[in-house]
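Each chain, letter by letter, is given below.
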Amino acid sequence: MGRVQAAKKNILFGYVGQIVTMVMAFVLRTFCMRYISEQILGVDGTFIEVLSFLNMAELGIGTALNFSLYKPVAEGDTEKIKSYMQMYRRAYYYIAGVVGIVGLILAPFLKYLVKNPGVSEKDLVLFYLIFLFNTVSSYFVAYKYSLVNAEQKNYIQTNIIAITKIVTSVFQIIVVALTKNYYFYLITDAVIQLIQKIFVSRYLDNMYPYLKEKNIEKLAKEDEEIVWTKTKALVFHKVGDVFRLQTDTLIISSLSEVGAALVAVVRNYNMIIVAVSSFVNIIFNSVISSFGNLIATEDRDKQYSMFKVYRFFATWVYGFSCVGFMLLLTPLVEMWTKISKGDKWTDFWILPALAVFLILTDYYFKGERIVLSNYQAAAGVYEQDKYLALIQGIVNLILSIWLVQTRLGITGIYVGTVVSGIIANITKPVIIYKACFDKSAVSYFIDSFKYIASMAFVMGICYFIRQLVMPEPTILGFAAMVVIITVVFNGVYFLLYGRSEEFKYLCGKLKARKA
């Protein structure tokens, strides 16, 4: 299967799975908001971030090994694949042990991480232990997916995850509606996930029977050194990313006056953003392995031309979704939470406008970074900017902790998020353009300014229209604005960029697909 065909298949299955799981997730969340208190929903969101924080123990070895698999997979070198997978398995088993031990040590201190949880300390710890079990057990299977993805068969993982989420959501909806009990909600998820992990392990063992072979040669010393060199560089990336991306919820939960309940509010916004961005990211994540294959087989000029197409498409898609979010996210949250809470609804469920603006500003810049990060992951270029993510994390942590305690409140947290993110938007292009393409990044920044200006122009037009079409949130007005934003944004972008080489390339691929 060629690179383009593999990417198409990954994208198709990714979309189908994402649509179904997104719908189920929103139905489940609606039931949870109705039958479970906002404090417990906030505890749920906080523990998700705590376990993400503990996953820092992985230290990037998975990313380094994924990169290392591209070449032997492309060359059909089964013996080297076996050697890499043996190293991967051992590493992940050790990581599972570390996460489990550190997680247990953390348990007595949970009361300091969650302010006003609405449950006893005993319940808080028991909830957490179920989360910890789910996380630790996943390491015994997760490493096997790396071979599937290196073969550009991401759709296998996508399908398994989608089916599991659908089944889990159906059972959790029934459990919440019948029992209104958070314990049963968590146990349902844990049991279904455990069954999935056992199935996946056996399925992938049958798919790659050589993974069970005992006669495996030890990885050559020079290959090990490459993996460990990249892992050492990724440690800084991993730690920095955790401090930048996984600390906002913990700061809200532990330092905000309303604590856990406010986490539940933020999680509603993030759930919508993640649902849409996950839908968008299927395209970009589905081509990482194709980029890995491209880098292993093509020259730099070809790589650069494909990178420009990839970046152009990303700014179009992220610009479109960002404009939609800026104008429609809060009205959507308001309508959704009113349906869920009924007569109990208050404006507590709505975040300040400036906080939402900052969240979405970071969303757009994150979209620009995804292009660079995905190419970086495929190329295995980590050493040159290994301290960057760490600097970002420190900046985010300092600004967020300081500003959340000022009059800005929760808005201050997102000031730290945006500022720390922009550091990468400025420095990453310079590093990657030099390391991967041996070019100056000036053209990248010129294009960035052009794309941002275009997006702001369209947003201004659509904002004026919204004032006329939807002065108050209604389903009809919302639907009308979705159509208007879609037509106006894509129409303006077509007029501005319809003659560009990148647009022509994408149209050519689309026509070839239809032919």
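The structure this text deals with has already been given above.
Residues numbered from 1 in each chain as written. Predicted model: local features only at pLDDT ≥ 70, side-chain atom pairs only at ≥ 80, totals over all residues. Heavy atoms only, no water.

Chemist: For this particular structure, what's the right way to read the overall build of the protein chain?
Modeler: Looking only at helices and strands, the protein chain features 20 helices and zero strands. Classification of the 515 residues of the protein chain by burial places 52% in the buried group. Pairs at least 24 apart in sequence give 83% of the contacts found in the protein chain among residues at least 6 apart. Just so you have it, the protein chain exposes about 23600 Å², and 66% of that area is on carbon and sulfur atoms. (Helix = DSSP H or I, 4+ residues; strand = E, 2+ residues; numbered from the N terminus. Buried < 20%, exposed > 50% of the residue type's maximum accessible area, 1.4 Å probe, protein only. Contact = heavy atoms within 4.5 Å. Areas by Shrake-Rupley, 256 points an atom, 1.4 Å probe, with all protein chains shown as cover.)

Chemist: What's the story with the packing of helix H6 (residues 121-142) against helix H9 (residues 182-207) in this structure? I'm lost.
Modeler: Describing two packed helices takes the angle between their axes plus the distance from one axis to the other. Between H6 and H9, the least distance of the axes is 10 Å, while the angle of their chain directions is 10 degrees. Considering the angle they form, H6 stands roughly parallel to H9. Residues Asp123, Leu126, Phe127, Ile130, Phe131, Phe133, Asn134, Ser137, Ser138 and Val141 of H6 form the contact with H9, whose own contacting residues are Tyr182, Tyr183, Leu186, Ile187, Asp189, Ala190, Gln193, Leu194, Lys197, Val200 and Ser201. Partitioned by chemical class, the residues of the contact of H6 with H9 number 13 nonpolar, five polar and three charged. (Axes fitted to C-alpha atoms, helices over the stretch in contact; angles between N-to-C directions. Parallel < 35°, antiparallel > 145°, perpendicular 65-115°, else oblique. Nonpolar A, V, L, I, M, F, W, Y, C, P; charged D, E, K, R; others polar.)

Chemist: Got a minute to help me understand the packing of aromatic side chains in this structure?
Modeler: In this description, an aromatic ring pair is defined by two values, namely the gap between the centres and the angle between the planes. Inspection of the entire model under this criterion finds 32 aromatic pairs. Each ring, one from Tyr92 and one from Tyr139, has its centre 5.4 Å from the other, and the planes form 70 degrees; the classification is edge-to-face. Within this pair, whereas Tyr92 is found in helix H4 (residues 78-106), its partner Tyr139 is found in helix H6, the two being separated by 47 residues in sequence. Here the two residues Tyr92 and Tyr139 agree in accessibility, since each one is buried. Here the aromatic cluster, defined as three or more aromatic residues joined through ring pairs, consists of Phe312, Trp316, Phe320, Tyr451, Phe489, Tyr493, Phe494, Tyr497 and Phe503. Its end group placed over the ring of Trp345, Lys338 keeps NZ or CZ at 4.8 Å from the ring centre. Positioned over the ring face of Tyr304 is Lys439, at 4.8 Å from the centre of the ring. (Phe/Tyr/Trp six-rings, centres within 6.5 Å; stacked < 30°, edge-to-face > 60°. Lys NZ or Arg CZ within 6 Å of the ring centre and 35° of its normal.)

Chemist: I tried to follow a nonpolar patch on the surface on my own but got confused; where do I start?
Modeler: A grouping of Ile163, Val167, Val170, Phe171, Ile174 and Leu178 is seen on the molecular surface, where their side chains present a nonpolar patch of about 560 Å² in accessible area. Along the chain, Val167 turns up in helix H8 (residues 154-179). In this structure Val167 comes out as partly exposed when scored by relative accessible area, which is 33%. (Patch = residues over 30% accessible without salt bridge, like charges linked within 9 Å, V, L, I, M, F, W, Y side chains within 5 Å. Salt bridge = Lys/Arg side-chain N within 4 Å of Asp/Glu carboxyl O.)

Chemist: Looking at this structure, how should I read the pattern of salt bridges?
Modeler: Opposite charge on two side chains permits pairing when their charged atoms draw close. Evaluated as defined, the whole model comprises nine salt bridges. Between Glu38 and Lys341 there is a salt bridge whose closest N-O contact spans 3.9 Å. Of this pair, Glu38 sits in helix H2 (residues 38-54) while Lys341 sits in helix H14 (residues 300-341); the two residues are 303 residues apart in sequence, bridging distant segments of the chain. Residue classification places Glu38 among the partly exposed residues on the basis of a relative accessible area of 24%.

Chemist: Just to check I follow, could you spell out the side chain of Glu49 for this structure?
Modeler: Examined against the element boundaries, Glu49 turns out to sit in helix H2. It turns out Glu49 is buried and unbridged, and the closest side chain with the opposite charge, Arg267, is 5.3 Å from it. Those residues within four positions of Glu49 in sequence are excluded, and the remaining contacts are Leu245, Gln246, Thr249 and Leu250. (Lys, Arg positive; Asp, Glu negative; His and termini not counted.)

Chemist: Before we go on, may I ask you to explain the side chain of Thr361 in this structure?
Modeler: Tracing the backbone shows Thr361 in helix H15 (residues 353-379). Once you skip the residues sitting within four places of it in the chain, Thr361 turns out to touch Met326 and Val418.

Chemist: Before we go on, may I ask you to explain H6 in this structure?
Modeler: Because the α-helix completes a turn every 3.6 residues, residues three or four places apart line up on one side. Taking 1.5 Å of rise per residue, 22 residues should cover 32 Å, and H6 covers 32 Å from first to last C-alpha, within 8% of that figure. Among the residues making up H6, those that are buried are Leu124, Phe127, Tyr128, Ile130, Phe131, Leu132, Asn134, Thr135, Val136, Ser137, Tyr139 and Val141. Along its buried surface, H6 packs onto H2, H4, helix H5 (110-113), helix H7 (145-150) and H9. (Expected span 1.5 Å × (residues − 1).)

Chemist: Please clarify how the nonpolar core should be interpreted in this entry.
Modeler: Note that soluble globular proteins tend to have their nonpolar side chains buried in a common cluster. Counting residues in each nonpolar core, the largest one holds 117 residues, and the members touching the most others are Phe47, Tyr128, Leu329 and Leu351. With 14 residues, H14 is the largest single contributor of residues to this core. Each residue touching Tyr128, except ones within four places of it in the same chain, is listed here: Phe47, Val50, Leu51, Leu54, Gly103, Leu106, Ala107 and Leu110. Within the second largest apolar cluster, 13 residues are counted, among which are Tyr375, Tyr433, Cys436 and Tyr444. (Core = buried A, V, L, I, M, F, W, Y, C linked by side-chain atoms within 4.5 Å.)

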